[in-house]
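Remarks on the overall topology
What follows is the residue order along each chain.
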Amino acid sequence: MAPAGGWAQGDDSYKDVLAWFTQQQSLLHQAAPYADQIAASDEGRRRATEFVTTNYEHIPAELVAHMISAGAGCAGADTMIENALHEGWPLDPAQITCPVRVIWGTEDRLLTWPPSAERYRRDWLPAADWVVLDGVGHCPQLDVPLETAELILGFTAV
């Protein structure tokens, strides 16, 4: 679902995305002690999920609080961000031997559709089954959980 690293060669906008993630880590550390209070209000849930969802109203407060705490507790986030900044996203499509389905929301504010998928679509995974969800943000599993589950199960069913 909306994998990072698909920007066209020469498109440096990924640096802005990585800087955003660095900033978010700091904000999550500050917010984590107040996760339950933030998630208790409609405005808090909207603000906590605004960059990953368009449809947040159905997300339980407990899940939003858990997302805040888990994000703050992600010990590998800084290393992952640094690695992406300095190493990029090395992908050898020849090593992918299974069918691939990529799901992307048109309202993704983190990895915008279609620019953030350019290399996946053109160079790396052109034969993948591409599913584009209108009006959905970065996390389809949060925006439209039943549809996302159906897309996964329908693709993986034997």
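The present account deals with the structure reproduced in this document. (Residues numbered from 1 in each chain as written. Predicted model: local features only at pLDDT ≥ 70, side-chain atom pairs only at ≥ 80, totals over all residues. Heavy atoms only, no water.)

**Overview of the pattern of salt bridges**
Formally: By convention in these notes, a salt bridge is any Lys or Arg side-chain nitrogen within 4 Å of a carboxyl oxygen on Asp or Glu. Segments assigned H or I by DSSP are reported as helices when at least four residues long, segments assigned E as strands when at least two residues long, and all are numbered from the N terminus. When a residue's accessible area, from a 1.4 Å probe over protein chains only, is under 20% of the maximum for its type it is buried; when over 50% it is exposed; and in between it is partly exposed.
Throughout the structure, instances matching the rule amount to six salt bridges. Among the salt bridges present, the one from Asp129 reaches Arg101, with a minimum N-O distance of 2.4 Å. Placement of Asp129 in strand E2 (residues 129-133) and of Arg101 in strand E1 (residues 101-105) is noted, with a sequence separation of 28 residues between them. The class for Asp129 is partly exposed, based on a relative accessible area of 29%. A relative accessible area of 25% places Arg101 in the partly exposed class. Across the pair Arg122 and Glu118 runs a salt bridge whose closest N-O atoms are separated by 2.9 Å. With Arg122 and Glu118 both in helix H6 (residues 118-124) and four residues apart, this pair spans about one turn of that helix. On the basis of relative accessibility, which here comes to 28%, the residue Glu118 falls in the partly exposed class.

**Re the packing of helix H1 (residues 13-31) against helix H5 (residues 77-87)**
For clarity, the cut-off: Angles run from 0 to 180 degrees between N-to-C directions of axes, and those axes are lines fitted to C-alpha atoms, restricted for helices to the stretch in contact. Oblique is the label for every angle not falling under 35 degrees (roughly parallel), over 145 degrees (roughly antiparallel), or within 65 to 115 degrees (roughly perpendicular). By convention, the crossing between two helices is left-handed when the near helix turns anticlockwise from the far helix through less than a right angle, and right-handed when the turn is clockwise. The contact definition used throughout considers only heavy atoms, calling two residues in contact when any of these lie within 4.5 Å.
Closest axis-to-axis distance for the H1/H5 pair is 10 Å, and the angle between their directions is 165 degrees. By the criterion of interaxial angle, the relationship of H1 to H5 is roughly antiparallel. Here H1 and H5 pass one another in a crossing that is left-handed. Where H1 approaches H5, its residues Tyr14, Lys15, Leu18, Phe21, Thr22 and Gln25 are matched on the opposing element by Ala77, Asp78, Ile81, Ala84 and Leu85.

**Focus: the side chain of Gln25**
Relative to the helices and strands, Gln25 is located in helix H1. Residues contacting Gln25, with those up to four places away along its chain left out, are Gly71, Cys74, Ala77, Asp78 and Ile81.

**Section: the packing of aromatic side chains**
Worth spelling out the cut-off: Only rings of Phe, Tyr and Trp enter the pairing, Trp through its six-membered ring, and a pair is recorded when the two centres are within 6.5 Å. The plane angle decides the type: under 30 degrees is stacked, over 60 is edge-to-face, the rest tilted. Two limits define a charge over a ring: the Lys NZ or Arg CZ must be within 6 Å of the ring centre, and within 35 degrees of the ring normal.
Enumeration according to the criterion identifies seven aromatic pairs in this entry. Aromatic pair Tyr120 and Trp124: ring centres 5.1 Å apart, planes at 75 degrees, arrangement edge-to-face. Here the residue Tyr120 and the residue Trp124 both occupy positions in helix H6, the gap between them amounting to four residues, near one helical turn. The class for Tyr120 is buried, based on a relative accessible area of 8%. Joined through ring pairs, the aromatic side chains of Trp20, Phe21 and Phe51 make up one cluster. Here the basic side chain of Arg109 rests over the ring of Phe51, its NZ or CZ set 4.2 Å away from the ring centre.

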